[in-house]
Amino acid sequence: MADTLFDELGGMACLEKVHRIFYGKLLSDSWLKGFFDGVPRPHLEAQQSDFMAGLFGGPKVYAGKLPRSAHKHMFITEEVFLARHDLLKQSLVEASVRPDLMARWLDYYMRMKKALVKASVEDCEQRYNNEAVLVVEKPALP
């Protein structure tokens, strides 16, 4: 019997599969892709897989910043957060993750909401002196 969510999911292979699907969806989204301009897709997928592996009880190989400080320069609204959540859910379904494991994964994601969502642009902070706060406007509907 598996001891951790990481094990129950099938290890790193599952996380990598989900994140390949997920970033395909994010980077195809006319709005959400703006949060990732200039960041190579393989880097995004690897960082996310490594972070989630440790969170789910697997190997602790993630060496990046924690979510609050990694995203402090991004104006992430609740609408952005929930749109991303929906794409993650779609990705988990597409990757054939069992419903009980999907619910646990999504619960972990929802616990990050407080660290990521900001009420206003004024709640954002620059990461570097030469980098502006990232505000991605939602495209107007045609």
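Residues numbered from 1 in each chain as written. Predicted model: local features only at pLDDT ≥ 70, side-chain atom pairs only at ≥ 80, totals over all residues. Heavy atoms only, no water.

### A look at the nonpolar core
Piece 1. Core analysis: the biggest nonpolar cluster contains 36 residues, and Leu 9, Val 97 and Trp 105 have the highest contact counts within it.
Piece 2. Mapped onto this core, the elements with two or more residues apiece are α1 (5-9), α2 (12-26), α3 (41-55), α5 (78-94) and α6 (99-111).
Piece 3. Take this core: its biggest share by element is seven residues, from α2.
Piece 4. Dropping the residues within four chain positions of it, Trp 105 is found in contact with Leu 5, Leu 9, Leu 15, Val 18, His 19, Met 52, Phe 56, Leu 88 and Leu 92. (Core = buried A, V, L, I, M, F, W, Y, C linked by side-chain atoms within 4.5 Å. Buried < 20%, exposed > 50% of the residue type's maximum accessible area, 1.4 Å probe, protein only. Helix = DSSP H or I, 4+ residues; strand = E, 2+ residues; numbered from the N terminus. Contact = heavy atoms within 4.5 Å.)

### With respect to α5
Piece 1. Taking 1.5 Å of rise per residue, the 17 residues of α5 would be expected to cover 24 Å, and the 24 Å separating its terminal C-alpha atoms lies within 8% of that figure.
Piece 2. Those residues of α5 that fall on the buried side of the exposure criterion are Val 80, Phe 81, Arg 84, His 85, Leu 87, Leu 88, Ser 91 and Leu 92. Each buried residue of α5 sits inside an arc of 165° when the element is viewed along its axis, so together they form one side.
Piece 3. Buried residues in α5 make contact with α2, α3, α6 and α7 (113-116).
Piece 4. Just past α5, the residue Ser 96 takes up positive phi, approximately 60°. (Expected span 1.5 Å × (residues − 1). Arc of directions from axis to C-beta.)

### Brief notes about unusual backbone geometry
Piece 1. The phi angle at Ser 96 is positive, at roughly 60°, despite the residue not being glycine.
Piece 2. Tracing the chain through its elements places Ser 96 in the loop between α5 and α6.

### Structural notes on empty space enclosed by the protein
Piece 1. Taken as a whole and assessed by the stated rule, the structure comprises one cavity of 30 Å³ or more.
Piece 2. In this structure, the largest cavity occupies an estimated 40 Å³ of space.
Piece 3. In terms of lining residues, the largest cavity is bounded by His 19, Phe 22, Gln 48, Met 52, Arg 84, Leu 88, Trp 105 and Tyr 109. (1 Å grid on protein atoms, 1.4 Å probe; cavity = no way out; pocket = protein on both sides within 12 Å on 5 of 7 lines; lining within 4 Å. Points joined across faces, edges and corners; volume = space filled by probe spheres on them.)

### Re the pattern of salt bridges
Piece 1. Tallied over the entire structure, the rule returns nine salt bridges.
Piece 2. With its nearest N and O atoms 2.8 Å apart, the salt bridge here joins Lys 113 to Glu 78. Linking Lys 113 in helix α7 with Glu 78 in helix α5, this pair joins segments that are 35 residues apart in sequence.
Piece 3. One salt bridge connects Glu 131 with Arg 127, and the closest N-O pair in it is separated by 2.6 Å.
Piece 4. For Glu 131, a relative accessible area of 19% translates into the label buried.
Piece 5. Connected via shared salt-bridge partners are Glu 8, Arg 98, Asp 100 and Arg 104. (Salt bridge = Lys/Arg side-chain N within 4 Å of Asp/Glu carboxyl O.)

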